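Examining the three-dimensional arrangement
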Amino acid sequence: MTTTAGDRVHSVRAEVIAAAAAGDYRHLVFLAPEIAAAARPGQFVALAVGGDTSGLLLRRSFSIHRVDPGTGTVEIVVADAGPGTRWITRLVAGEAVEVLGPLGVPFPVPDEPTPCVLLGGGYGSAPMFWLAKVLQDKGCHVDLVLGAATQDRLFGADLADRVPLTVTTDDGSAGITGRVTDPLSDLLRTSGATLAYACGPMPMLRAVTQVCRPLGVSAYVAVEESMACGIGVCMTCVLPVVGADGVTRMSRSCVEGPTFDGARVRWEAIADGRVAVPGDCLGSPASLAALNHAAAQGSSR
Amino acid sequence: MTVDLTADLGHGVLLPNPVLTASGCAANGKELHRLDDIAKIGAFVTKSVKRDPQSGRGTPRMAETPSGMLNSIGLQGPGIHAFVEHDLPWLRSVGARAIVSIAGESSAEFAEVARALVAAPDFDATVAAIEVNISCPNVANRGLVYACDPASSAEVLRLVVPEVPRSTPLFAKLTPDVTDITVIAEAALSAGAQGLTMINTLLGIRIDTERMRPHLFGLTGGLSGPAIRPVAVRAIWQVYAAMRAGRIPTAPIIGVGGVRTGEDALELTLAGASAVQVGTAIFNDPLSPWRVARELGDLLHARGIPRYDDLVGVAHDH
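Criteria and cut-off values
Residues numbered from 1 in each chain as written. Chains lettered and ligands numbered in written order. Predicted model: local features only at pLDDT ≥ 70, side-chain atom pairs only at ≥ 80, totals over all residues. Heavy atoms only, no water. Helix = DSSP H or I, 4+ residues; strand = E, 2+ residues; numbered from the N terminus. Rg over C-alpha atoms; globule rule 2.2 N^0.38 Å. Buried < 20%, exposed > 50% of the residue type's maximum accessible area, 1.4 Å probe, protein only. Contact = heavy atoms within 4.5 Å. Areas by Shrake-Rupley, 256 points an atom, 1.4 Å probe, with all protein chains shown as cover. Lys, Arg positive; Asp, Glu negative; His and termini not counted. Charge placed at Lys NZ, Arg CZ, Asp CG, Glu CD. Salt bridge = Lys/Arg side-chain N within 4 Å of Asp/Glu carboxyl O. Polar contact = N/O pair within 3.5 Å; in protein donor to acceptor, adjacent residues only side chain to side chain. Pairing = 2+ DSSP bridges. Axes fitted to C-alpha atoms, helices over the stretch in contact; angles between N-to-C directions. Core = buried A, V, L, I, M, F, W, Y, C linked by side-chain atoms within 4.5 Å. Phe/Tyr/Trp six-rings, centres within 6.5 Å; stacked < 30°, edge-to-face > 60°. Patch = residues over 30% accessible without salt bridge, like charges linked within 9 Å, V, L, I, M, F, W, Y side chains within 5 Å. Parallel < 35°, antiparallel > 145°, perpendicular 65-115°, else oblique. Left-handed = near helix turned anticlockwise from the far one by under 90°. Nonpolar A, V, L, I, M, F, W, Y, C, P; charged D, E, K, R; others polar.

**What to know about the overall build of chain B**
Tallying secondary structure elements over chain B gives ten helices and 18 strands in all. Computed over its C-alpha atoms, the radius of gyration of chain B comes to 18 Å, within 12% of the 20 Å expected for a compact globule of 318 residues. Each of the three principal axes of chain B carries a C-alpha extent, and together these read 55 × 50 × 45 Å. Going through the 318 residues of chain B one by one, you find that 62% of them count as buried.

Here it is in structure tokens:
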């Protein structure tokens, strides 16, 4: 269970080797041997968009789908969510893109064979196949659950050839009708899993954590917070996370995450596209006001 | 021909090249050092530090804008005591030249932060200058930004100046969101600032048209990026011109605002900047502080200009 906070970050101009549609998404393969050699499941890459004179300055971050250190390739799955990601979805083989990576803390992998359940929501399933393989190579039993709003928004159902797979969709267009978390309790019980890994939208990650906690299952979640830089300098991708010392801090998803122990995330502060600062967070406006009030009381006496 | 890129910040502070990081765009060094050696940057400007640890604001904290962005971070940081204990020794250990940015909610807090910084064991070896971020809200004055008011700006400097040795120049960082920036510049310099950093971000708002509400959790944000470069050039020009005309005291200007290339850095220099900071461009290209310095050197070499410092304010002569 190591982190990569001090490891080298590579900034490379990567050639796109292949680009293809995958349901509603774009599956991109590019050549970045330095990144492919160092990356582990749960880490991400940050792409610049629009070329050197682009007016869109902020990096777009994507969970790494898989790497091949042998060929030096790195793969990502991109959803068209605006002008920046649209530019990326239009890249074709032979073109180049600026890539930073590998970034962030990978999913912790157990040292001993441990039954695990992996859950991916939408294109959040991208890193799960690679993670499943790493876990299976360690002798872990792996169950995989993929969920999405519709069949077109599922990613990778065809890639799970060596993993027992459950599929859910909100509209029933594929697999079980319902949420990705619906089959989770049963799977945890039947497999005896003590570890769960999830990547997807915030409400899903919260729900996974809520199912796992009472059962004593550790849930590691990879968040998809919007980031400007991906490398820890812009301070925009923060979440309230409880540290080992019991203190809540606004933690950067890009360097302290994107993988977090779900039990340490203050989910109640996250709602409706916003993240509030909990009152008991270190240095919160509420705690500073209390501090100043106490100081004023002290000086008046 | 070798090009001498030495930048002169006054009071004996010479930097090996004129390209610095901008405060709040490079954290406190460790993150960029994973890409390249920050000791090779002209000077590393740290994120504004206040007395106490700060959580910063809720999110969203940023919004992309045409050739720029709005940010509303809220000066998240460790507080000066943790900064002095952890960040400053680390900056020293890698041989970085630091310009430490300080902030406060009261002028007394600015002075307290400066005092704790100067008392740090690593201060003399590491801190080349101090940037006084007076572009933050003055709680005692209905949250009005210090740098929007000459009297408030002067008061901060008057309290900070006695805390800092003269050999460590104080640069007051100014906002362009004022009617006449030369008035603020004069107030800061007359109160003891030994230089100016211009410009801080411009205030902006974005509305989320889907949710029909302000996009940023903190409502307003600071606009930065290439979109504001002409505003930076204008502010530097006006203040440098006022100095040349003898209307305000003469002092070095550190230019900042929308610099992305060596040519951009040259533009701010020609307007009157003695050194240039790279900020938002770091988010696009984290190697930009090194790249801009290299491009600037190449540009001067190609033009046959031997000394960077000879170019400061030259556009006022032509």
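**Digging into the overall build of chain A**
In terms of regular secondary structure, chain A is built from six helices and 17 strands. In terms of overall dimensions, chain A is globule-like: its C-alpha atoms have a radius of gyration of 20 Å, near the 19 Å expected for 301 residues. By its C-alpha atoms, chain A is 70 × 55 × 40 Å across when sized along the principal axes. Per-residue burial for chain A yields a buried fraction of 55% across its 301 residues. In chain A, once contacts between residues fewer than 6 apart in sequence are set aside, the share between residues at least 24 apart is 63%. Looking at chain A as shown, the accessible area adds up to about 12,200 Å², and 51% of this sits on carbon and sulfur atoms. Charge centroids of chain A, computed over 23 positive and 29 negative side chains, lie 6 Å from each other.

**Topic: unusual backbone geometry**
A cis amide bond links A:G101 with the next residue in sequence, A:P102, at an omega value of -10°. One can find A:P102 in strand β6 (residues 96-103). Of note, the bond from A:G257 into A:P258 is cis; its omega dihedral lies within 30 degrees of zero at 10°. As for its position among the elements, A:P258 is in the loop between β14 (248-252) and β15 (259-261). The backbone phi angle of B:S67 is positive, close to 50°, even though this residue is not glycine. As for its placement among the helices and strands, B:S67 is situated in the loop between β5 (62-65) and β6 (68-71). Of note, B:R142 is a non-glycine position whose phi angle comes to about 50°, a positive value. Structurally, the position occupied by B:R142 is in the loop between β9 (137-138) and β10 (144-145).

**Topic: the pattern of salt bridges**
If you walk through the whole model with that rule in mind, you get 30 salt bridges over all chains. Among the ionic pairs, A:D245 bridges to A:R249, the shortest N-O distance being 2.8 Å. Since its relative accessible area comes to 33%, A:R249 is described here as partly exposed. A salt bridge links A:R252 to A:E256; its shortest N-O distance comes to 3.2 Å. Judged by relative accessible area, A:R252 falls into the buried class, the value being 15%. What emerges from the salt-bridge pattern is a single network uniting A:D272, B:D208, B:R211 and B:R213.

**Concerning the interface of chain B and chain A**
How big an interface is tends to be expressed through the accessible area that disappears when the partners come together. With 46 residues of chain B at the interface, the matching set in chain A holds 49 residues. When the shortest N-O distance is used, the salt bridge between B:R213 and A:D272 registers 2.8 Å. Connecting chain B to chain A are 18 residue pairs in polar contact (both at pLDDT 80 or more). Of all the elements in the fold, those that place two or more residues in the side of chain B that touches chain A are α1 (30-33), β5, β6, β15 (213-214) and α9 (281-284) of chain B.

**Brief notes about the sheet that holds strand β16 (residues 221-224) of chain B**
All names here are of chain B. With antiparallel pairing, four strands are arranged side by side in an open sheet as β5-β6-β16-β13. Looking along the sheet, the strands with just one partner apiece sit at the ends: β5 and β13 (202-204). For this sheet, the mean inter-axis angle between neighbouring strands, taken without regard to orientation, is 35°. Relative to β16, β6 runs antiparallel, the two being bridged by three bridges. Counted as the bridge partner of M69 is S224 from β16.

**Focus on the side chain of B:K47**
Inspection of the secondary structure puts B:K47 in the loop between β4 (44-45) and β5. Among buried charged residues, B:K47 stands out as having no salt bridge; its nearest opposite-charge side chain is B:E31, 11 Å away.

**Notes on the nonpolar core**
Counting 124 residues, the largest nonpolar core has B:L32, B:I38, B:I102, B:L117, B:I134 and B:L196 as its most contacted members. Looking at which element gives the most residues to this core, the answer is helix α7 (residues 229-244) of chain B, with eight residues. Beyond its immediate sequence surroundings of up to four residues, B:L196 is in contact with B:F171, B:A172, B:L174, B:A185, B:A188, B:L189, B:V239, B:M243, B:P252, B:I253 and B:I254. Judged by nonpolar contacts, the second largest core, of 31 residues, contains A:L187, A:A198, A:M202 and A:V208.

**Remarks on helix α5 (residues 150-160) of chain B**
For α5(B), the complete set of buried residues consists of B:S152, B:S153, B:A154, B:V156, B:L157 and B:V160. Those residues of α5(B) that are buried lie in contact with β7 (98-102), α3 (107-118), β8 (127-133), β9, β11 (170-174) and α6 (181-190) of chain B.

**Structural notes on the packing of aromatic side chains**
Residues and elements named next belong to chain A. For the structure shown, the criterion picks out five aromatic pairs over all chains. Between F129 and F155, the aromatic rings sit 6.3 Å apart at their centres with planes inclined by 70°, giving edge-to-face as the arrangement. A residue pair is termed long-range when its members are at least 10 positions apart, and F129 in helix α3 (residues 128-137) and F155 in the loop between β8 (142-148) and β9 (165-169) qualify at 26 residues. The residues F129 and F155 share a single accessibility class, namely buried. Counting every residue linked through ring pairs, the aromatic cluster contains F107, Y197 and Y220.

**As for a nonpolar patch on the surface**
On the surface, B:I205, B:I207 and B:L219 cluster together to form a nonpolar patch covering roughly 260 Å² of accessible area. Considering the arrangement of structural elements, one finds B:I205 in the loop between β13 and β14 (207-208).

**Side note on the sheet that holds β11(B)**
Residue and element names in this part refer to chain B. An order of β3-β18-β17-β12-β11-β8-β7-β4 is seen for the eight strands of this open sheet, with the pairing classed as parallel. Edge positions in the sheet fall to β3 (19-21) and β4, since each has one partner strand and no second. Of the pairings in the sheet, the one linking strand β12 (residues 195-198) to strand β17 (residues 253-256) comprises three bridges and is parallel in character. Directly across from T197, in β17, lies its bridge partner I254.

**Section: the packing of α7(B) against helix α8 (residues 262-271) of chain B**
Residues and elements named next belong to chain B. It is at 8 Å that the axes of α7 and α8 come closest, and there the two elements cross at 25°. On the basis of their axis angle, the class for α7 and α8 is roughly parallel. Both α7 and α8 take part in a crossing whose hand is right-handed. Taking contact as the criterion, the partners of R229, V233, I236, W237 and Y240 in α7 are, on α8, D264, E267, L268 and A271. Residue composition of the contact of α7 with α8, by class: six nonpolar, no polar and three charged.

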